[in-house]
Amino acid sequence: MKQLYLRNIAVIAHVDHGKTTLTDQMLYQSGMFRTEDLDKLAGGQHNLIMDTGDLERERGITITSKNCSVRYDGSDGNEYKINLIDTPGHADFGGEVERVLKMADGCLLVVDSFEGPMPQTRFVLEKALSHGLKPVVVINKIDKPNARPDDVINEVFDLLSDLEAPDDCLDFPVVFASAKDGWATTNGDRLGEDHPRDVRELFETIIHEVRPPAVSAMEGIEDEPLQMMVTTIIYSEYVGRIAVGRVEAGTIKSGTPVTVVKRVDSEHKNQRVLQVQQFEGLTRTDVENAIAGDICAVTGLDGIDIGDTIACAENPLALDAVMIDEPTLTMT
Ligand code: GDP
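Residues numbered from 1 in each chain as written. Predicted model: local features only at pLDDT ≥ 70, side-chain atom pairs only at ≥ 80, totals over all residues. Heavy atoms only, no water.

**Student:** What's the story with the pattern of salt bridges in this structure? I'm lost.
**Tutor:** Opposite charge on two side chains allows them to pair when their charged atoms are near. Applying the stated criterion across every chain yields a total of 19 salt bridges. Close ionic contact of Asp-294 with Lys-81 constitutes a salt bridge, the shortest N to O distance being 3.1 Å. Taken together, the residues span a long stretch of sequence, with Asp-294 in the loop between β16 (289-291) and β17 (295-299) and Lys-81 in strand β4 (residues 79-86) at a distance of 213 residues. Here Lys-81 falls in the buried class, since its relative accessible area comes to 1%. When salt bridges that share partners are traced, they join Arg-71, Glu-79 and Glu-280 into one network. (Salt bridge = Lys/Arg side-chain N within 4 Å of Asp/Glu carboxyl O. Helix = DSSP H or I, 4+ residues; strand = E, 2+ residues; numbered from the N terminus. Buried < 20%, exposed > 50% of the residue type's maximum accessible area, 1.4 Å probe, protein only.)

So this is what it looks like as structure tokens:
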């Protein structure tokens, strides 16, 4: 039987190195949304989906941190769902970088093939390493005439050494890409050739190099007591607060009672989940449940906040929160 496997990867880069364009190509080529949506979202122009808030605005939703997911049919015959976790590159975001990295099992480090690593590359890579995330390095903008991919690979190596990355990280996989032209290859000898629009080699590298989330989830112990860490709050004028995060243990089911363990006052609140939603491309769709290892959105929990744990009603256990010092809700 065909299996569906999960990968959770944080996409990190210095500003303008092509994180948005690359993510957009992955979404586009995985066919998770129709071309007309793309055109509508981008106003008929080129891409930059992750930066357009159009879809959210249309539904009266504002998001602070952006998640999306792609489906990929692996060459091994299995289907993969890859959750792409957009990670801010800037230094002062009061814990947001930490929180979103917590959802990932690996990181996609996008580096401009001319500029090489820049301050935000270093900042966010250091944080990713401290969370035990192994990088897949994308040397982007290979189409640029002044690209110098070999030097840039060496600079990434030097940066990792300087950050005292473990040996398996120093031996990082490299994918060369032109996000703008929509191609990626692992073969550095073929960079001067014409490339068809195809990022499958990037998907293959991700599914082979990023560890699967919780091994337990694959082995059917999703009956463990539920624990889900809330990493982001989306505000919707229709359903109020939507809690986004990663299920760390057990299964979260639509319409079932849970206990919300508050980060701040450690008071337990018994509530009922309205809907569990999964990310499909850029949108969210209602599902019956989400299992350990997956990232999902949950509606129906009044007053839920970043850092809270959504736990099993019978056996509520909190997860360690990443401390933050910023407003937890954005409304426009
Ligand atoms: P982000 O800030 O990392 O999200 O970067 P963007 O994806 O917004 O890209 C920044 C700029 O670089 C935009 O003008 C893109 O069109 C351009 N860009 C992105 N990828 C490529 C690429 O592969 N080649 C070239 N030449 N330009 C690119």
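**Student:** Help me understand the pairing of strand β10 (residues 240-249), please; the structure alone is not making it clear to me.
**Tutor:** Note on strand geometry: in a regular strand, side chains alternate between the two faces of the sheet. Within β10, eight of the 10 residues are buried, leaving the element largely enclosed by the surrounding structure. For strand β9 (residues 227-236) and β10, the ladder comprises nine bridges, and the chain directions are antiparallel. For Met-228, the partnering residue across the bridge sits in β10 and is Val-247. The turn linking β9 back onto β10 is made up of three residues. Bridging between β10 and β17 involves five bridges; their strand directions are antiparallel. Looking across to β17, one finds that Gly-245 is bridged to Cys-296. (Pairing = 2+ DSSP bridges.)

**Student:** Please clarify how the environment of Thr-121 should be interpreted in this entry.
**Tutor:** Take Thr-121: it is sitting in helix α5 (residues 119-130). Using a relative accessible area of 0% as the deciding quantity, one classes Thr-121 as buried. C-alpha of Thr-121 to C-alpha of Val-156: the two residues are 35 residues apart in sequence and 9.3 Å apart in space.

**Student:** How should I be thinking about unusual backbone geometry in this particular structure?
**Tutor:** The phi torsion of most residues other than glycine is negative, and most of the peptide bonds are trans. Of note, Asp-16 is a non-glycine position whose phi angle comes to about 75°, a positive value. Relative to the elements of secondary structure, Asp-16 occurs in the loop between β1 (4-13) and α1 (19-29). Phi is positive for Lys-141, close to 65°, though the residue is something other than glycine. Inspection of the secondary structure assignment puts Lys-141 in the loop between β6 (134-140) and α6 (149-162). When its relative accessible area of 21% is taken as the criterion, Lys-141 is described as partly exposed.

**Student:** Just checking my understanding: could you explain the side chain of Thr-259 for this structure?
**Tutor:** Looking at where Thr-259 falls in the secondary structure, it is placed in strand β12 (residues 257-261). Excluding residues that lie within four positions of it along the chain, Thr-259 makes contacts with His-268, Lys-269, Asn-270, Thr-309, Ile-310, Ala-311, Cys-312, Ala-313 and Pro-316. (Contact = heavy atoms within 4.5 Å.)

**Student:** What am I meant to see in the UniProt feature "binding site: GTP" (unreviewed entry) in the chain here?
**Tutor:** What UniProt calls "binding site: GTP" (unreviewed entry) maps, in this numbering, to Asp-16, His-17, Gly-18, Lys-19, Thr-20, Thr-21, Asn-140, Lys-141, Ile-142 and Asp-143. Counting through the fold element by element, Thr-20 comes out in helix α1. Note on placement: Ile-142 falls in the loop between β6 and α6. For Ile-142, the residues in contact, after removing those within four places along its chain, are Ser-113, Ala-147, Pro-149, Phe-176, Ala-177, Ser-178, Trp-183 and Leu-191. (UniProt positions renumbered as here; feature names shortened; annotations may be inferred.)

**Student:** Even after reading the chapter, I still don't get the state of the cysteines, so can you show me in this structure?
**Tutor:** Two cysteines whose sulfur atoms are joined by a covalent bond form what is called a disulfide. Enumeration over the complete set of coordinates arrives at zero disulfides. Cys-169 takes part in no disulfide bond, and the closest cysteine sulfur, belonging to Cys-107, lies 7.8 Å away. With relative accessibility at 4%, the residue Cys-169 sits in the buried group. In this structure Cys-296 is not part of a disulfide, and its nearest cysteine sulfur, from Cys-312, lies 15 Å away. When its relative accessible area of 0% is taken as the criterion, Cys-296 is described as buried. (Disulfide = S-S within 2.5 Å.)

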